[in-house]
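Take a look at the letters that make up each chain.
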Amino acid sequence: MMKFLKTKFLPILVGLTLLLFLTNNFGLIDIEKTAIIIALGIDKVENSQKYEVTAQIAVPQATNSSKNNDDALVSGKGATIADAIDDIAVTTGWYPLLAFCNLIVLGENTLKTNVMTFVDEFIRTDKIPDSSLLVACEGKAQDLLTTATPLDSVSAFALEKILVKDIAKLNRISFVNVKDFAKGYFSKSKSSYMPYIKKTKVETAPPVQEGGGGGGGSEGGSGDGSNEKYVFDGTTTLMFKNGVNVGMLDENQTLTFNLRKHESIDTFFDMENIKIGEKTAAATIGLNEVKKRFALEIKDEPVFHIELTIKCHVEDVNCSEEVKDLFTTQVIPDEALRQIENKIEEIYKESFKKMQQSDCDLYSLTDELYKFHYKKYKLYKDDVLQKTSINVKIKCELQRNNRT
Amino acid sequence: MQSKINVRQICFMLISTSTIGKMIVAPAVTARYSQESLWISALINLIIDGLFALYFLYMNDKFSNRTFYSILESSVGKVAAKIVYSLFAIYFLFRAFTPIMEQKNYIEIALYETAPSVLTFLIFFLFSAYFCYKGFKGIARSADVCIWIAAFGICVLTALSVSLTDLSNLLPIVGVPLKNVFIGAKNTAVWYFDSAYILIFMGHFKSEKGYKTKIMVSYGIMALIVVTYFAILYGEFAALTERQYFAPIQMGKSDVALSSIGRIDYIPGFIYALVCTFGSAIPLVFSSYCLKEVFPFKRKIIPPLIVNAIAAAAIVIAHDYFIETFRFISKTLVWGFAAIVYLIPLALIFIKKRESV
């Protein structure tokens, strides 16, 4: 009997109790008491220091298509983000589960002060993943989350698709997560960025009335009960210095800024007047990067070198052409390639000037100085961005083997 | 007399439980002091401890596979040997505090949505008491199992994190003040001292050809994995590294691959929790063993019960003061650790071997 207890019963007992501990069977919360939050919107309450946090909650898809999107939204107010989330829990009776929250939207009125005063809550707590995407939006964050969109029945999912899914390689959006935003804020450069989301109204077919009426509303829902639907544009980028919004990069500046961090494949670049053959017209040029170098060099003075070699192909030209020219391998004359080079160079210079004017070190020159020129760090650490001149070398080559 | 364990199992223990034990909180604390030079601080500790491990292996050769207790008994007498082993029993008890608290907090953060009562964690000591009861054989068998799952967990986590890592975050290497690097090494030394295991294992493993090389190569592999892991973590989190107290559940989460293949980052998280369950109980096994040598209890279960009861009581009392307790251990008590693990065995060089006892 004792042998059985020692060799079989005790190990099994130990194993089972350990299993209970390691699988959290002591700490489970009933699923019906849990709100699985998939997105958070943060706004400042007018004339107050309080925050209004709107949580978009995952609810099972209703079989009735009249289910409105805003039904899955709850909001709470508080002096801190944690307080506002707690307010949601208190007023709804749901336990807010933040482990699946992949999107945090900041309303426009939160951008006037240091956003890290409340974004740091997502670094402080382990309840929310710091891989959550961070965006700012035009108007209120709550409105953005209640927006009806033809892209998905849940606006947060539609936004996530736009931000990081397949089209990310197009380099149009400077997507960033909480971790990377905070890394920029706490870096030597103290600079960060996030995409700025604007709503664009789209015309869609009127909703089909089923069963002769009743149960109005639209598919995908609408926050205000109307049939207005929107898509989202995140191609502009907000610049942050010490957590405060100090400026904005436009579409082209965002695209060229993204070339540094992301590999550029099938990136489209618009030229207004490009001379191809004998015609001058607007054209869309496909860009594929071959080689790139972004480096700070210090000889007499600091110089930031941007060297890019890009393969270009014609994606489309706004003029009628002969059938023999309707290929993406169409020859781009050298003159046109120089035009593209000049345009990209100009964009880089403009955006760098913008960064210098707003003192926002988005190219992390202070970090480059610390990492690669440590001996000169003390000399330049306070004003390296202002003292640095930019040297841009863009080389565009014809891409002859592009798929047609 | 227990049957001896294999050299292979010591090697596996070093590469699995000892390695993963340094991957939970140690990198964040090291980054707090050393910033981008955290891997150098880790390397300093690993080199110092590695040299002592080598010395203990040579001692094993010199004293013909006798146990450390037997060597002490014949060199300085029975009473002195018992005092030294009492010190080792106390050392291993204190040594166990940090990994057990890490394990408790790691499980609670990784698996629990709400903070559970400290009493929930006491189940761990039921396992630990059984593990101590099984002695070195238990460590050996767990090493045979842990090595494979630990290797899998480390590979998955590294694969997820590599694409997010910017190794330039580790710069500059030269020119920076060394003071912070050494302070970082000193204040995180409590996670090292693995050579103490080799010292107590003396005479308990089957000596085989090339065993010193095998154990030291395993130690080298452990050092390489730890240093690489520290470098990858800092490459991924940069200035935020010191906030990543439970690194395995933070790393690789923003890898875009997860959106298509699912949250496989949970797998290494669970694996680390499992391996650490064994890893954090290992010092208690050694403490039980030392206690048994000091007081020859009639029943084998008594030392494990005493050791685990003390450890459990310490956790219940000190769990709210973990930071303060850890600070005391890492900044003050660490000198005592070094004196017990390094200086006492080093003194054996100067003690003449008494063959006749």
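That block above? That's the structure.
A brief report on the enclosed structure follows.

Parameters and conventions
Residues numbered from 1 in each chain as written. Chains lettered and ligands numbered in written order. Predicted model: local features only at pLDDT ≥ 70, side-chain atom pairs only at ≥ 80, totals over all residues. Heavy atoms only, no water. Helix = DSSP H or I, 4+ residues; strand = E, 2+ residues; numbered from the N terminus. Buried < 20%, exposed > 50% of the residue type's maximum accessible area, 1.4 Å probe, protein only. Contact = heavy atoms within 4.5 Å. Areas by Shrake-Rupley, 256 points an atom, 1.4 Å probe, with all protein chains shown as cover. Salt bridge = Lys/Arg side-chain N within 4 Å of Asp/Glu carboxyl O. Polar contact = N/O pair within 3.5 Å; in protein donor to acceptor, adjacent residues only side chain to side chain. Nonpolar A, V, L, I, M, F, W, Y, C, P; charged D, E, K, R; others polar. 1 Å grid on protein atoms, 1.4 Å probe; cavity = no way out; pocket = protein on both sides within 12 Å on 5 of 7 lines; lining within 4 Å. Points joined across faces, edges and corners; volume = space filled by probe spheres on them. Patch = residues over 30% accessible without salt bridge, like charges linked within 9 Å, V, L, I, M, F, W, Y side chains within 5 Å. Lys, Arg positive; Asp, Glu negative; His and termini not counted. Charge placed at Lys NZ, Arg CZ, Asp CG, Glu CD. Expected span 1.5 Å × (residues − 1). Pairing = 2+ DSSP bridges. Phe/Tyr/Trp six-rings, centres within 6.5 Å; stacked < 30°, edge-to-face > 60°. Lys NZ or Arg CZ within 6 Å of the ring centre and 35° of its normal. Axes fitted to C-alpha atoms, helices over the stretch in contact; angles between N-to-C directions. Parallel < 35°, antiparallel > 145°, perpendicular 65-115°, else oblique. Left-handed = near helix turned anticlockwise from the far one by under 90°.

1. Quick notes on the overall build of chain A
Each helix and strand counted, chain A has 12 helices and 13 strands in total. Relative to its full complement of 404 residues, chain A shows a buried share of 49%. For chain A, long-range pairs separated by at least 24 residues make up 71% of all intrachain contacts whose partners lie at least 6 apart in sequence. Within the structure as shown, chain A displays about 19,800 Å² of accessible surface, and the carbon and sulfur contribution to it stands at 52%.

2. Things to note about the interface of chain A and chain B
Residue-level contacts link 33 residues of chain A with 40 residues of chain B. On the surface where chain A and chain B come into contact, there are 2 salt bridges. The partner of A:K179 in a salt bridge is B:E236, and the shortest N-O contact between them spans 3.0 Å. Summed over the shared surface of chain A and chain B, the number is 9 residue pairs in polar contact (both at pLDDT 80 or more). Counting only elements with at least two residues in the side of chain A that touches chain B, the list comes to helix 1 (2–22), strand 4 (95–97), helix 4 (121–124), helix 7 (178–186) and helix 10 (365–372) of chain A. Looking at which element gives the most residues to the side of chain A that touches chain B, the answer is helix 1 of chain A, with 8 residues. Of the residues in the side of chain A that touches chain B, the class split is 17 nonpolar, 7 polar and 9 charged.

3. Observations concerning the environment of A:V290
Residues and elements named next belong to chain A. Residue position: V290 is located in strand 11 (residues 279–298). For the pair V290 and L308, spaced 18 residues apart in sequence, the C-alpha separation works out to 7.7 Å. Excluding its chain neighbours within four sequence positions, the residues that come into contact with V290 are T309, I310 and K311.

4. Here's the deal with empty space enclosed by the protein
Residue and element names in this part refer to chain B. Evaluated as defined, the whole model comprises 3 cavities of 30 Å³ or more. Volume-wise, the largest cavity comes out at about 210 Å³. What lines the largest cavity is a set of 18 residues, and nearest its centre among them are T17, G21, R95, P99 and G279. Those elements that provide at least two residues to the lining of the largest cavity are helix 1 (7–21), helix 5 (78–111) and helix 12 (266–294).

5. Quick word on the pattern of salt bridges
All names here are of chain A. All chains considered together, the criterion is met by 23 salt bridges over all chains. K349 is the salt-bridge partner of E345, the closest N and O atoms lying 3.1 Å from each other. On the criterion of helical spacing, the pair formed by E345 and K349 is a turn pair, its members being 4 residues apart in helix 9 (residues 334–358). Linked by salt bridges that have partners in common, R293, E297 and E307 make up one network.

6. A look at a positive patch on the surface
Where like charges cluster on the molecular surface, the positive patch consists of B:K134, B:R141, B:K292 and B:K300. Here B:K300 shows up in the loop between helix 12 and helix 13 (302–318).

7. Looking at helix 9 of chain A
All names here are of chain A. The terminal C-alpha atoms of helix 9, which comprises 25 residues, lie 36 Å apart, in line with the 36 Å expected from a rise of 1.5 Å per residue. Every buried residue of helix 9 is accounted for by A336, L337, I340, E341, I344, I347, Y348, S351, F352, M355, Q356 and S358. D359 sits one or two residues past helix 9 and shows a positive phi near 55°.

8. Focus on the pairing of strand 1 (residues 34–44) of chain A
Each regular strand carries side chains that alternate between the two faces of the sheet. Residues and elements named next belong to chain A. Counting buried residues along strand 1, 10 of its 11 residues qualify, which places the element largely inside the surrounding structure. Judged from the 3 bridges that link them, strand 1 and strand 4 form a sheet pairing that is parallel. Looking at the pairing, T34 lines up with Y95 of strand 4. In textbook terms, the turn of a hairpin is the stretch between consecutive antiparallel strands, and for strand 1 and strand 2 (residues 51–57) this stretch comprises 6 residues, one of which, N47, has a positive phi near 55°. Taken together, the 4 bridges between strand 1 and strand 5 (residues 103–106) define a ladder with parallel strand orientation. Note that in strand 5 the partner of L40 across the bridge is I104.

9. Remarks on the side chain of A:E121
Checked against the element boundaries, A:E121 lands in helix 4. Of the side chains with opposite charge, A:R124 comes closest to the buried, unpaired A:E121, at an N-O distance of 4.2 Å.

10. Here we look at the packing of aromatic side chains
According to the stated counting rule, one finds 50 aromatic pairs over all chains in the structure shown. Ring geometry for B:F127 and B:F131: centres 5.5 Å apart, planes at 20°, overall stacked. Here B:F131 and B:F127 lie together in helix 7 (residues 123–162), a separation of 4 residues that amounts to about one turn. In this structure B:F127 comes out as buried when scored by relative accessible area, which is 6%. Each ring, one from B:Y266 and one from B:F270, has its centre 6.1 Å from the other, and the planes form 15°; the classification is stacked. Within this pair, B:Y266 and its partner B:F270 are both found in helix 12, separated by 4 residues, close to a single helical turn. By relative accessible area, which is 34% here, B:Y266 ends up partly exposed. Here A:K188 stacks its cationic end above the ring of A:Y370, 4.3 Å away from the centre of that ring. A cation over an aromatic ring shows up here: B:K212 above the ring of B:Y58, its NZ or CZ 4.9 Å from the ring centre.

11. Brief notes about the packing of helix 4 (residues 68–76) of chain B against helix 5 of chain B
Residue and element names in this part refer to chain B. Where helix 4 meets helix 5, the axes come as close as 7 Å, and the angle between the chain directions of the two elements is 140°. When the interaxial angle is binned, helix 4 and helix 5 end up oblique. In this structure, helix 4 meets helix 5 at a crossing whose hand is right-handed. Residue-level contacts link F68, Y69, L72, E73 and V76 of helix 4 to K78, A80, A81, K82, V84, Y85 and F88 of helix 5. Within the contact of helix 4 with helix 5, the residues separate by chemical class into 9 nonpolar, no polar and 3 charged.

12. A look at a nonpolar patch on the surface
On the surface, a nonpolar cluster with roughly 460 Å² of combined accessible area is contributed by B:L43, B:I47, B:L51, B:L54 and B:Y58. Relative accessible area serves as the criterion here: at 55%, B:L51 is assigned to the exposed category.

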